[in-house]
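# Survey of secondary and tertiary structure
What follows is the residue order along each chain.
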Amino acid sequence: MSELNHDLGIIALESCKELGNAVDKYIQEKRNCTETFLIPTNEIRFSNGEGKVKISETVRGKDIYILCDIGNYSCKYKMFGFTNHKGPDEHFQDIKRTISAIKGKASRITVIMPLLYESRQHRRKGRESLDCALALQELERLGVDEIITFDVHDPNVQNAVPLLSFENIYPTYDIVKSLTSDQSSLELNKEKLLVISPDTGAMDRAIYYSSVLGVDVGLFYKRRDHSLIVNGKNPIVEHEYMGRDVSGKDVLIVDDMIASGESVLDIALELKARNVRNVYVATTFAFFTEGLEKFNKFYQDGVISKVYSTNLTYIPKELSNSKWFYGVDMSEFLARIINRLNYGKSIAKYMDATEIIRRLLNE
């Protein structure tokens, strides 16, 4: 094994253990070695809630990749006798603790946050915080060389750190591959399939999907009540559809994330009322913040056929075992990116998947 291989170090924090182990195995296979690249760490919590991160192995001169899933709410710790679940703030703090424990001894530090911290608070309207931009600037000040994230809510937030390497990668190829292999009867032509954007913000994503699949795109416009704020957002009054007739067609709703899922379910109902055949949903991050009951019911009632989402954020067993859910494994893709970056190679071919998606569909 070459010296360069020894220089690679992967720190998979508690929130990303499963994904980190899978990535490590793929890199071992690719390099034909049995030595792990994972560096053992311990995220310690004191009884009053304070914490620290301890690294159990040398990181001197290594190319370090820190993996953290800030959306993993399954991570728990005891505080004053109560069981607390870690939130995004605590996961982000553990990233900073890890960088602090490295103490500047690594040759290079890359932070991989598939779900970008505070990405939903990416812009300011009036007197409010600008959390995502501040977090990126803080990582830059701590000496991070590169940030890798997936399908960020608004890519423009990288303008907050113009000198920091910021890679926003889309899982489109893996999702399309999963969809087409799982739904062998799906016909990819304009008369049989339509891509739907659930709102104006997701329109660019929908246009990309429609162009690589060779089908048309439709849009639902969310009319909101801006006089009210419920759960941190303005409630939706009505969904208005703009696009060609969907009657008798399959539709694919695409978005970056499913939070509560209310919006997707409302749109699915609207589409079914317009005599759509099957409703498929493709998303990068599936949170289901209000549980799975409604999705189970909508599946049983034939309103939705399948939801495709990646394992880039925590997927509980109840969700992965659901008949209507398909988990898209991104571990091999992430391993390829880390492997190439560690060898100093370009990852440009992973930034635009258009060509390989077209090759996949032709095959």
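Think of each chain on its own: its residues are numbered from 1, step by step along the sequence as written. Confidence filtering applies because this is a predicted model: local features only for residues at pLDDT of at least 70, side-chain atom pairs given and counted only at 80 or more, and all residues used for totals across whole chains, interfaces and linings. Computation of side-chain values covers all heavy atoms of the structure but excludes hydrogens and water.

## With respect to the overall build of the protein
In plain terms, the rule: By definition, any uninterrupted DSSP run of H or I lasting at least four residues is a helix, any uninterrupted run of E lasting at least two residues is a strand, and each is numbered from the N terminus. Taken over C-alpha atoms, the radius of gyration is set against a globule rule of 2.2 Å times the number of residues to the power 0.38. Residue exposure (1.4 Å probe, protein chains only): buried if accessible area is under 20% of the type maximum, exposed if over 50%, otherwise partly exposed. Contacts: residue pairs with any heavy atoms within 4.5 Å of one another. Methods summary: accessible areas were calculated by the Shrake-Rupley approach with a probe of 1.4 Å, and residue burial reflects only the protein chains presented.
Regarding its fold elements, the protein presents 12 helices and 16 strands. Relative to a compact globule of 363 residues, whose C-alpha radius of gyration would be 21 Å, the protein shows 21 Å and is just as compact. Seen through its C-alpha atoms, the protein measures out along the principal axes to roughly 60 × 50 × 40 Å. Expressed as a percentage of its 363 residues, the buried residues of the protein come to 50%. Pairs at least 24 residues apart make up 67% of the contacts formed inside the protein by residues separated by at least 6 positions. Total accessible area on the protein is roughly 17700 Å²; 46% of this is exposed by carbon and sulfur atoms.

## Points about the sheet that holds strand β9 (residues 165-169)
Here is the rule: Strands were regarded as paired on the criterion that DSSP finds at least two bridges between them. The convention used is that axes are lines fitted to C-alpha atoms, helices contributing only their stretch in contact, and that angles between N-to-C directions extend from 0 to 180 degrees.
The parallel open sheet is built from five strands, whose spatial order is β1-β4-β7-β8-β9. Looking at which strands have only one partner, the edges of the open sheet turn out to be β1 (8-12) and β9. With direction set aside, neighbouring strand axes in the sheet form an average angle of 15°. Inspection of the sheet shows strand β7 (residues 108-112) paired to strand β8 (residues 146-150) by three bridges, in the parallel sense. Within β8, the position partnered with Ile-112 by the bridge is Ile-148.

## Some thoughts on the state of the cysteines
Operational definition: Pairs of cysteine sulfur atoms within 2.5 Å are what we label disulfides.
Summed over all chains, the structure comprises zero disulfides. Cys-16 takes part in no disulfide bond, and the closest cysteine sulfur, belonging to Cys-68, lies 6.7 Å away.

## Some details on the UniProt feature "domain: Ribose-phosphate pyrophosphokinase N-terminal" (unreviewed entry) in the protein
Condition: UniProt positions are given in the numbering used here, feature names are shortened, and annotations may be inferred rather than shown by experiment.
Sites flagged by UniProt as "domain: Ribose-phosphate pyrophosphokinase N-terminal" (unreviewed entry) map to residues 10-143. Secondary structure over residues 10-143 splits into 31% helix and 23% strand, and the C-alpha atoms at its two ends are 17 Å apart.

## Some words on the pairing of strand β3 (residues 51-55)
Only one face of β3 is covered, namely the one carrying Gly-51, Val-53 and Ile-55; the face carrying Lys-52 and Lys-54 has none of its residues buried. Here five bridges tie strand β2 (residues 41-45) to β3, and the two strands are oriented antiparallel to one another. In the sheet register, Asn-42 faces β3, and the bridge partner there is Lys-54. Once β2 ends, the chain turns through five residues before running back antiparallel as β3, passing Gly-49 with a positive phi of about 100°.

## Some remarks on the environment of Asn-296
With respect to the helices, strands and loops of the structure, Asn-296 is situated in helix α8 (residues 293-300). In the structure, Asn-296 is positioned 53 residues away from Gly-243 in sequence and 28 Å away in space, judged by C-alpha atoms. Contacts of Asn-296, omitting those with residues within four sequence positions, involve Ser-322 and Trp-324.

## A short note on the nonpolar core
Applicable threshold: Only buried Ala, Val, Leu, Ile, Met, Phe, Trp, Tyr and Cys residues count toward a nonpolar core, and they belong to the same one when joined by side-chain atoms within 4.5 Å.
Residues Ile-66, Ile-95, Ile-102, Met-113, Leu-116 and Ile-338 are the most contacted members of the largest nonpolar core, which totals 81 residues. Counting residues per element, this core draws most heavily on helix α10 (residues 331-342), which supplies six residues. Leave out the neighbours within four places in its chain, and Met-113 touches Cys-68, Ile-70, Phe-92, Ile-95, Leu-139, Ile-148, Thr-149 and Phe-150. In terms of nonpolar packing, the next biggest core, distinct from the first, is built from 27 residues, Phe-220, Leu-271, Val-279 and Val-307 among them.

## Let's talk about helix α4 (residues 131-141)
The condition is simple: For this quantity, the arc is that covered by the directions from the helix axis to the C-beta atoms.
Cys-132, Ala-133, Ala-135, Leu-136 and Leu-139 are the residues of α4 that are buried. Along the long axis of α4, the arc covered by the buried residues comes to 160°, so they all point the same way. Seen from the open side of α4, the exposed residues pointing more than 90 degrees away from its buried face are Leu-134 and Arg-141. Two residues or fewer past α4, Gly-143 is found with a positive phi of approximately 100°.

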